[in-house]
Amino acid sequence: MWMVFALEIFAFAMMFVGVAYLRRTQPAVFHAGQSVLDARMGLGLTLSLVTSGWLTAEGVHAFRASRFERSRRFYGGAALMGLVFVGLKIAEYSSKSRAGYGLGVNDFWDLYFLATGFHFIHVLVGLGLIAYVGARVGKTTFEDPETTVGGTALFWHMCDLAWFFLFPLFFARP
Amino acid sequence: MRFIAYLVLVAAAVVAVAWGVLLPALVLGGIKACVVGFEFMELRTAHIAHRIVFALGVAALVLVLSLVASP
């Protein structure tokens, strides 16, 4: 699982460098695109992911202590906060699309939708895993509990880590 | 301890948005990555080599992104 984590983070890191390069080479295009983004929306997305990550970590510890009901509640909370992230992101994509921003407009929007879209797909996969594991904690005997429960949490935390860099690269000014 | 880590993450996110400047926001991103890595991903109980590699990896990423993005 750590190998998957390392490879995924490497893929994200390459994308981060691409965004950083665009910031330097096309500052006017980047600034124009950035001015349309809402930092409060970015903060909301960050807080929902961070809260979900904390609840997942609590869920893993409750599972290891065989407190399955408690673990299920934490996983449920984590999935709910993950859904908040998904809802906010869909609302943001919709509003940008209605305003005429999308793939093909310019390099900023191409990179914005590709990078955040790549992250969004990871969040959807992680959310599915969290919901799947959370619904089965204490009800099913996992063949490899540590990989199933710990590995799912690890994947979810990776989504957090990627967002911690994606967010400032798009939202912060030089 | 995990709840304290969570509060640190929330505070760092709010400060990054309020400040709004890239370099401090990247450094805060690195700090948040280390908090998640060491506390939530439990790297603080891992072998010291793994801890060092993770921390150096995060520091290297912050450095590279700062350099590439700088005008």
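What you are looking at is a predicted structure, and each value in this text was computed from that prediction instead of being measured.

About the thresholds
Residues numbered from 1 in each chain as written. Chains lettered and ligands numbered in written order. Predicted model: local features only at pLDDT ≥ 70, side-chain atom pairs only at ≥ 80, totals over all residues. Heavy atoms only, no water. Helix = DSSP H or I, 4+ residues; strand = E, 2+ residues; numbered from the N terminus. Contact = heavy atoms within 4.5 Å. Disulfide = S-S within 2.5 Å. Buried < 20%, exposed > 50% of the residue type's maximum accessible area, 1.4 Å probe, protein only.

Relative to the helices and strands, K32 of chain B resides in helix α2 (residues 22–40). Every residue in contact with K32 of chain B, bar those within four places of it in the chain, is listed here: T46 and F164 of chain A together with L9, A12 and A13 of chain B.

Turning next to the state of the cysteines. The full count for this structure, using the stated rule, is zero disulfides over all chains. This cysteine, C159 of chain A, is not joined by any disulfide, and C34 of chain B carries the nearest cysteine sulfur, 18 Å off. A residue is classified by how much of its surface remains accessible, and C159 of chain A, at 0% relative accessible area, is buried. Classification of C34 of chain B by relative accessible area gives partly exposed; the value is 21%.

Looking now at the environment of V29 of chain A. Residue and element names in this part refer to chain A. Mapped onto the elements of the fold, V29 is located in helix α2 (residues 27–34). Residue class for V29 comes out partly exposed when judged on its relative accessible area of 26%. The spacing of V29 and F171 is 142 residues in sequence and 14 Å in space, taken between C-alpha atoms. Dropping the residues within four chain positions of it, V29 is found in contact with N106 and F108.

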